[in-house]
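Coordinates in review
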Amino acid sequence: MAKDNMPKTDFRDAILWHLTYTLGKDPDHAQIFDWRMALSYAVRDRIVDRWMAATRETYRADAKRVYYLSMEFLIGRLLEDNIVNMRLADEARSAIESFGLNYRSVLLDEPDAALGNGGLGRLAACFMESLATLGCPAYGYGIRYEHGLFRQSFADGRQHEAPEDWLQQPYAWEFERPEAAFTLGFGGRVVSRDGKAVWEPENFVKSEAFDTPVVGWKGRWANTLRLWSGRAVNPFDLERFNAGDFAAAAENEALARTISRVLYPEDSTEKGKRLRLTQEYFFSAASIRDILRRFLSDHADLRLLPQKVAIQMNDTHPAIAGPELVRLLHDEHGLPFEEALHITQGCVNYTNHTLLPEALESWGEDLFASLLPRHLQLIDRIDDAHAKANPSRKVAARGEGRVKMGELSFIMANRVNGVAALHTGLMKTTVFKELHRLHPERIVNETNGVTPRRWVHSCNPRLSTLITDTIGEGWVGDLEQLTKLEPHIDNPDWLSRFTEVKALNKADLCDWITRDHGLMLNPQAIFDVQIKRIHEYKRQHLNILEAIAHWQEIKDNPGAGWTPRVKIFGGKAAPGYFFAKDIIRLINDVSVVVNADAQTNELLQVVYLPNYNVTMAERLIPAADLSEQVSTAGKEASGTGNMKFALNGALTIGTLDGANVEIRERVGADNFFLFGMTVDEAEARRNVEAHATKAIAADPRLARAVDAIRSGVFSPSEPDRYAGIVANLTGADYFLVASDFSDYWRAQREVDRAYADAQGWARMAALNVARSGWFSSDRTIRGYMADIWNAKSLIGQE
Ligand SMILES: CCc1ccc([C@H](C)CC(=O)N[C@@H]2O[C@H](CO)[C@@H](O)[C@H](O)[C@H]2O)cc1
């Protein structure tokens, strides 16, 4: 008997029931953790009903399923999201408050599931929520890392990394599925037995499944996120134990768990580590086996696979899934190689998320052969088949002693997509130029999006209420309805309510930053926010250079009617990325000097918040006035933070890069602070001899700011601490920080002037909200369903 038609009172009772019987806690002695878990289980119960109904309906309809393979799912917290999607917000709040607890602190007691680095991982999480909201049958497949992205702290301004341990406590949202385990082989050799190639792996590891339901808006559908965990085939060696070799007795288990122990913290540099390739094969192989097992549970003819299965490879990290499916179809199911390849190419699709050469994965063929000898053979046959079909041009996955995962993914895929119009165009003219020439119909564009449930409705309840009061609640499930706000923007009362929303959000943020970071912020100031991974191409160092020049000019002329500004930074650097770590330290050193400067700190403050993650983004974005999207043109594939800021009424200062281009097109050039070179101008500038020194020579303001860094103004105890950054800025400066500085300064002063006109600013901000509905991940997923997966919704439009 389904639980959800139980009398209303039961939600409160359900919480108490779980506190007592699931957690075994007496309400009088329960900790906030206990209440949070009890609340989670009460919500989960109601989700499970929808989940099972959706799974049953998918089998009944024999529907096509989408399989989203990703090494990363940057989920964040799930309790609030699930409560909102199950429409339980009011009941949950009143129940929790009736127990004398603070509702927000119960929600915030949940640790972030930080199973991702940045954009790619968060996109996967938004996509899973939109797939469920649209009622598209889908599974997400990934790795259940014991340790997600490291915890960041600062000591003396430097980044320190500590293991993240979200699984130190039980995780309410997962169900262990021991029955869905597979034994996977690694290494070994390939032998020929009666004319057939047979792989004899050396090591074996078991993949155990943990399922998390992903419920959509209004709980109309729920899909599954299946995360694999490494387990030993023989976890305990009693013999060795009895021989007193205790550590060795548990060795297998430790080795197997290493595979799913920790997320690699790199987000743009492939390290070529054996464990990384082992992780990629582990989850891809377990997922492909699971997909085949499910298909064969109610289909006999493998040629039907492309009609029932669409696989999306989230970047090249799951690329081995293609050859693995060919291997199973050919080696285990006995299909001719050509047919196995044809079927696979009918199922597999590939999304590219970066053009940075150092981020494109390629593996040494020796390492590849030692781990996956049979796959290397199959990749050669795949290359041969491709060469035979396209004699004109030799483009292969294997070459120059390496296995290139970008080329392999492209050759295996039915459709290849970029994540923003500019990026997709650049894929065709740069990294995939030859392959695009051979397969001109294969590359399509699917501009990224973000889920409006988490990134507006949940994280910005004040704005959400104002919008719903104005145009009804339909926008949450159909975000382009936001355009219906436009006629209200010229109504001064409405606009003042809109302005009030931002002001109250900023006040909340000030309270939190004061409480948790002991810093008093000026709430009247422009809250200028740059939150994202630290990377040279994202140019956090351009932002801090402008802050230094701004500080110097205020000191020259404090009475010049400056618009107060608070610069807020957040973001982690990959542990081995020392230049990025230097940028972090510089920002912290500048904030110490600038914030202590009584002459200027009413007008300019710099704050670097440690341990930026999904939950912190949900705190910062609703309170932001200005969104920093300042990457060198041609380098940021899309960006998704830019969309979240626009949807929450922040104005963008940015370059014509990634999805900034489409945001500016939709919100209007008047409501966007554009600066900097275009992709072509940047390309041309890079070829100008000594372009950086020329730019510095041409801009005394820039020169003075660089001098301040060089002379140790921000590191008096170690004047040449930033010699590396200065050398780069005055030398190679590949990301054109010096050459884009003057125009960036010009745009920032334009921001100052615009902000001084509160009405005008509010109007521009409200137009950003009204015109950014297209950046919903629901629209993006509808694009994938139509252009790539040919998948249908089983619940239809509401
Ligand atoms: C092998 C190491 C590694 C790990 C992750 C990655 C990701 C592709 C990096 C990433 O997160 N890319 C970001 O993807 C977002 C979602 O499409 C885009 O919005 C960002 O522009 C892009 O940088 C590259 C290389």
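Per an unreviewed UniProt entry, the protein is named Alpha-1,4 glucan phosphorylase, and its organism is Paracoccus lutimaris.

Things to note about the overall build of the protein
Scanning the protein for helices and strands turns up 33 helices and 24 strands. Relative to the compact-globule value of 28 Å for 798 residues, the protein shows a C-alpha radius of gyration of 27 Å, a close match. Over its C-alpha atoms, taken along the principal directions, the protein stretches across nearly 85 × 70 × 60 Å. Residues classed as buried in the protein amount to 61% of the 798 residues present. For the protein, the proportion of contacts with a sequence separation of at least 24, taken over those separated by at least 6, is 77%. Of the accessible surface of the protein, which amounts to about 29200 Å², a share of 52% is contributed by carbon and sulfur atoms. Within the protein, one finds 93 positive and 108 negative side-chain charges whose respective centroids are separated by 3 Å.

Quick look at the sheet that holds strand β13 (residues 348–351)
Reading across from one edge, β7-β10-β11-β4-β1-β12-β13-β17-β18 is the order of the 9 strands in this open sheet, with mixed pairing throughout. Each end of this open sheet is capped by a strand with a single partner; those strands are β7 (175–186) and β18 (443–445). If you compare each strand with its neighbour and ignore which way they point, the axes differ by 25° on average. Bridge count between strand β1 (residues 65–69) and strand β12 (residues 309–314): 5 bridges; the pairing is parallel. If you follow valine 66 over to β12, its bridge partner there is alanine 310. Along the sheet, helix α16 (residues 405–412) contacts β12, β13, β17 (416–418) and β18; its crossing angle with β13, the most-contacted strand, is approximately 135°.

Some remarks on the site of the ligand
Close to the ligand lie 21 residues, the nearest being His353, Asn448, Glu636, Ser638 and Gly639. The separation between an oxygen atom of the ligand and a polar main-chain atom of leucine 120 is 3.0 Å. Between serine 638 and the ligand, the recorded distance is 2.9 Å, taken from a backbone N or O atom to an oxygen atom. For the ligand, whose accessible area on its own is 570 Å², the fraction buried by protein is 96%. Of the residues that constitute the shell around the ligand, the class distribution is 6 nonpolar, 9 polar and 6 charged. Of the residues that make up the shell around the ligand, three or more belong to each of domain 2 (62–75 + 117–448) and domain 3 (454–775).

So, the domain arrangement of the protein
Under the domain assignment, the protein is made up of domain 1 (10–61 + 78–111), domain 2 (62–75 + 117–448) and domain 3 (454–775). Each of domain 1 and domain 2 has a C-alpha centre, and these two points are 33 Å apart. In this complex, domain 1 contributes 27 residues to the contact, which on the side of domain 2 involves 30 residues. Summed over both partners, the interface of domain 1 with domain 2 comes to about 2500 Å²; 63% of that surface belongs to carbon and sulfur atoms. Three residues stand out in domain 1 for area buried against domain 2, namely Trp51, Tyr59 and Asn85, and they jointly supply 29% of the buried area on that side.

Let's talk about the UniProt feature "modified residue: N6-(pyridoxal phosphate)lysine" (unreviewed entry) in the protein
The UniProt record annotates "modified residue: N6-(pyridoxal phosphate)lysine" (unreviewed entry) at Lys644. As for its position among the elements, lysine 644 is in helix α25 (residues 641–647). Of the residues examined, lysine 644 reaches a relative accessible area of 7% and is grouped as buried. Once you skip the residues sitting within four places of it in the chain, lysine 644 turns out to touch Arg122, Val450, Trp455 and Ile621.

Examining the pairing of strand β19 (residues 526–531)
Judged by how many residues are buried, β19 sits mostly within the fold: 6 of 6 residues are covered. Of the two faces of β19, both are covered, the one formed by Ile526, Asp528 and Gln530 as well as the one formed by Phe527, Val529 and Ile531. Of the strand pairs in this sheet, β19 and strand β20 (residues 565–570) are connected by 6 bridges, and their pairing is parallel. Bridging from a neighbouring strand, glutamine 530 pairs with phenylalanine 569 of β20.

A short note on empty space enclosed by the protein
Counted under the stated rule, the structure contains 10 cavities of 30 Å³ or more. The space that makes up the second largest cavity amounts to roughly 160 Å³. Lining the second largest cavity are 14 residues; nearest its centre among them are Ile75, Leu78, Asp81, Ala125 and Val214. Looking at the lining of the second largest cavity, the elements with two or more residues in it are β2 (73–76), α3 (79–85), α6 (119–133) and β10 (203–215). In terms of residues, the lining of the second largest cavity owes the most to one element, α6, which gives 4 residues. Of the residues assigned to the lining of the second largest cavity, the class counts are 9 nonpolar, 1 polar and 4 charged.

What to know about the pattern of salt bridges
Using the criterion set out here, one finds 65 salt bridges in the structure. Here glutamate 618 and arginine 77 are joined by a salt bridge, their closest N and O atoms 3.0 Å apart. A residue pair is termed long-range when its members are at least 10 positions apart, and glutamate 618 in helix α24 (residues 614–620) and arginine 77 in the loop between β2 and α3 qualify at 541 residues. Neither residue differs from the other here; glutamate 618 and arginine 77 are each classed as buried. The partner of glutamate 80 in a salt bridge is arginine 104, with the nearest N and O atoms 3.4 Å apart.

As for the environment of glutamine 605
Mapped onto the fold, glutamine 605 is located in strand β21 (residues 604–609). Of the residues examined, glutamine 605 reaches a relative accessible area of 8% and is grouped as buried. Separated by 315 residues in sequence, glutamine 605 and aspartate 290 place their C-alpha atoms 53 Å apart. Residue contacts for glutamine 605: discarding those within four places in its chain leaves Met520, Leu521, Asn522, Arg565, Val566, Lys567 and Asn595. Here methionine 520 takes part through its backbone oxygen, which lies 2.8 Å from a polar atom of the side chain of glutamine 605. Side-chain polar atoms of glutamine 605 contact the backbone nitrogen of asparagine 522, separated by 3.3 Å.

Structural notes on the nonpolar core
Counting residues in each nonpolar core, the largest one holds 258 residues, and the members touching the most others are Leu39, Ile311, Phe368 and Trp789. Here leucine 39 is in contact with Phe11, Ile15, Leu79, Ile83, Ala92, Ile96 and Val106, once residues within four sequence places are set aside.

Here's the deal with the layout of surface pockets
Put simply, the second largest pocket is a space of about 380 Å³. Looking at the second largest pocket, it is lined by 17 residues, and the ones nearest its centre are Asn203, Phe204, Val205, Leu255 and Ala256. At 5 residues, helix α9 (residues 251–258) tops the list of elements feeding residues into the lining of the second largest pocket. Taken together, the residues of the lining of the second largest pocket sort by class into 10 nonpolar, 5 polar and 2 charged.

Overview of the sheet that holds strand β16 (residues 402–404)
Taken in spatial order, the 3 strands line up as β14-β16-β15 in an open sheet, and their pairing is antiparallel. Either end of the sheet is taken by a strand with one partner, and the two such strands are β14 (362–364) and β15 (398–399). Examined bridge by bridge, β15 and β16 share 2 bridges and lie antiparallel to one another. From the neighbouring strand, arginine 398 faces β16, where its bridge partner is valine 403.

Some remarks on the packing of helix α22 (residues 540–556) against helix α29 (residues 700–710)
Between α22 and α29, the least distance of the axes is 9 Å, while the angle of their chain directions is 100°. Compared by their axis directions, α22 and α29 come out roughly perpendicular. Within the contact between the two elements, α22 uses Leu545, Ile548, Ala549, Gln552, Glu553 and Asp556 and α29 uses Arg701, Leu702, Arg704, Ala705, Val706, Ala708 and Ile709. Among the residues making up the contact of α22 with α29, the classes are represented as 8 nonpolar, 1 polar and 4 charged.

Regarding unusual backbone geometry
Negative phi values dominate among residues other than glycine, just as trans dominates among peptide bonds. Backbone geometry at asparagine 611 places phi at a positive 60°, although glycine is not the residue there. For asparagine 611, the location among the structural elements is in the loop between β21 and α24. A positive phi angle, near 50°, is found at alanine 690, a position not held by glycine. Among the structural elements, alanine 690 can be located in the loop between α27 (679–686) and α28 (691–698).

Calculation criteria
- Residues numbered from 1 in each chain as written.
- Predicted model: local features only at pLDDT ≥ 70, side-chain atom pairs only at ≥ 80, totals over all residues.
- Heavy atoms only, no water.
- Helix = DSSP H or I, 4+ residues; strand = E, 2+ residues; numbered from the N terminus.
- Rg over C-alpha atoms; globule rule 2.2 N^0.38 Å.
- Buried < 20%, exposed > 50% of the residue type's maximum accessible area, 1.4 Å probe, protein only.
- Contact = heavy atoms within 4.5 Å.
- Areas by Shrake-Rupley, 256 points an atom, 1.4 Å probe, with all protein chains shown as cover.
- Lys, Arg positive; Asp, Glu negative; His and termini not counted.
- Charge placed at Lys NZ, Arg CZ, Asp CG, Glu CD.
- Pairing = 2+ DSSP bridges.
- Axes fitted to C-alpha atoms, helices over the stretch in contact; angles between N-to-C directions.
- Near = heavy atom within 4 Å.
- Polar contact = N/O pair within 3.5 Å; in protein donor to acceptor, adjacent residues only side chain to side chain.
- Nonpolar A, V, L, I, M, F, W, Y, C, P; charged D, E, K, R; others polar.
- Domains from an automatic or database assignment.
- Buried area = accessible area lost by both parts, 1.4 Å probe.
- UniProt positions renumbered as here; feature names shortened; annotations may be inferred.
- 1 Å grid on protein atoms, 1.4 Å probe; cavity = no way out; pocket = protein on both sides within 12 Å on 5 of 7 lines; lining within 4 Å.
- Points joined across faces, edges and corners; volume = space filled by probe spheres on them.
- Salt bridge = Lys/Arg side-chain N within 4 Å of Asp/Glu carboxyl O.
- Core = buried A, V, L, I, M, F, W, Y, C linked by side-chain atoms within 4.5 Å.
- Parallel < 35°, antiparallel > 145°, perpendicular 65-115°, else oblique.

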